[in-house]
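Observations on the model geometry
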Amino acid sequence: MSTIVVTLGTDRARRLRAALTVLLAAAAAVGAPFYFAPFQVFQLTMVLLYAVALAGLNLLVGFGGQISLGHGAFFAAGAYTAAVMLDRYDTAHLATLPVAAAGCFVLGLGFGVPALRLRGLYLALVTLSFAVFLPPLLKRLEPVTGGSMGLTVDKLQPPAWSGLAEDQWMYFVVLAVTAAALLLARNLLRSRVGRALLAVRDNESAAEVMGVRLSLHKTLAFAWSAMFAGVAGCLYTWVIGFVSPDSFSFVLSITLLAGLVVGGLGSLYGPLLGAAFVMYVPSVSQDLSEAAPGVVFGLLIIAVMFVAPTGLAGLPGRVRAAVARRLPRPAATPTTLAGPPEAASAPDGEPEPQAESEPSATVTPADPAVADAEPVGAPPRTEKE
């Protein structure tokens, strides 16, 4: 009973800490645009939309166990879908979001087909080829995409009743979409689809024996991942107000994958940390070395992975484990199984002599053949007895 009470108390404390953490994070997120400067609010907005893209990549790579180097192409597809609808068809901003999500979901289903027969580096090369040939394709479709010049669209403007500046309103809109996307990813991982993805990642043969349809869940992993990237690309168009093929080169795909690895694969908080890394580290690298920012960026990635091999999300656990190993362990109390508790405290390590058991404490066996058997621990009989 005491074990159950302790377990319930631990679960309750864990839930209370999680609720307090969420409340503090929500309060900090809501108050951030009123405290920071407009450019810093813009940076926070970019962190949020990158977190949406990394949450989708985390579903595919971190929980699905499949490598993708073409996530930037899905990001570009969502961005151009929103830009074309805003520029060519004068669509409302909010109406472009579900269209970009649905279009990238279908596109992910199509690119999930190679995942049925390919894996590892072969699958990574196929997805990388998509990220490589998409920018030249966008340049060729000049009547629709604007070619190399790209498309310039209006940014999302705040309503008059809000009383917010443009950067503040955009921040809150992106914050709401990011919160909904992260909640959807969390619910997906806790559903039957998420459990199937984990089973496929750990052991495909065992998952198939258990009744998991590998073809279905591998394709769905690509589809969900592409949908999240498309939503992030749509938000990118709202925030920047400009898209061009050069903004979505294959370097973006590699940067997103590096950000996810640095943030933490298979972690619900890893996409947020990885998005902050993707946003702030290049600017820090530019400030440290204007001649070779890429070199500084690569060295920073190496340094982070050396300190936290499991990503920034796993760093607190590693610190707690290191502290626990250095703390002195309490000495184990010697116990004696056969003797009473007083035997352990006898001088010179010799147990004290046990008193003869009372007659009332002796249980008479029902079998006559065993009735004359000596009780355990009784002194040997003599001839007189």
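Residues numbered from 1 in each chain as written. Predicted model: local features only at pLDDT ≥ 70, side-chain atom pairs only at ≥ 80, totals over all residues. Heavy atoms only, no water.

The next subject is the nonpolar core. Judged by nonpolar contacts, the single largest core of 75 residues is most densely connected at L49, Y50, F75, F228, W238 and F248. Looking at which element gives the most residues to this core, the answer is helix α2 (residues 38-63), with 16 residues. Apart from the residues within four sequence positions on either side, F75 is in contact with L49, Y50, A53, A229, A232, G233, Y236, F248 and L252. If you look at the next biggest cluster of nonpolar residues, it comprises 6 residues, including V262, F277, V281 and I301. (Core = buried A, V, L, I, M, F, W, Y, C linked by side-chain atoms within 4.5 Å. Buried < 20%, exposed > 50% of the residue type's maximum accessible area, 1.4 Å probe, protein only. Helix = DSSP H or I, 4+ residues; strand = E, 2+ residues; numbered from the N terminus. Contact = heavy atoms within 4.5 Å.)

For the structure shown, the criterion picks out 2 salt bridges. The partner of D87 in a salt bridge is R88, and the shortest N-O contact between them spans 3.4 Å. Take D87: its relative accessible area is 33%, and that puts it in the partly exposed class. For K139, the salt bridge is made with D246, and the minimal N-O distance between the two is 3.3 Å. Of this pair, K139 sits in helix α5 (residues 121-140) while D246 sits in the loop between β2 (242-243) and α11 (250-263), and the two are 107 residues apart along the sequence. (Salt bridge = Lys/Arg side-chain N within 4 Å of Asp/Glu carboxyl O.)

Going through the model one piece at a time under the given rule, you end up with 15 aromatic pairs. Ring centres of F75 and F248 lie 6.0 Å apart, and the angle between their planes is 45°; on these two criteria the pair is classed as tilted. Of this pair, F75 sits in helix α3 (residues 71-88) while F248 sits in the loop between β2 and α11, and the two are 173 residues apart along the sequence. Judged by relative accessible area, F248 falls into the buried class, the value being 2%. Members of the aromatic cluster, each reached through a chain of ring pairs, are Y50, F75, Y80, Y236 and F248. (Phe/Tyr/Trp six-rings, centres within 6.5 Å; stacked < 30°, edge-to-face > 60°.)

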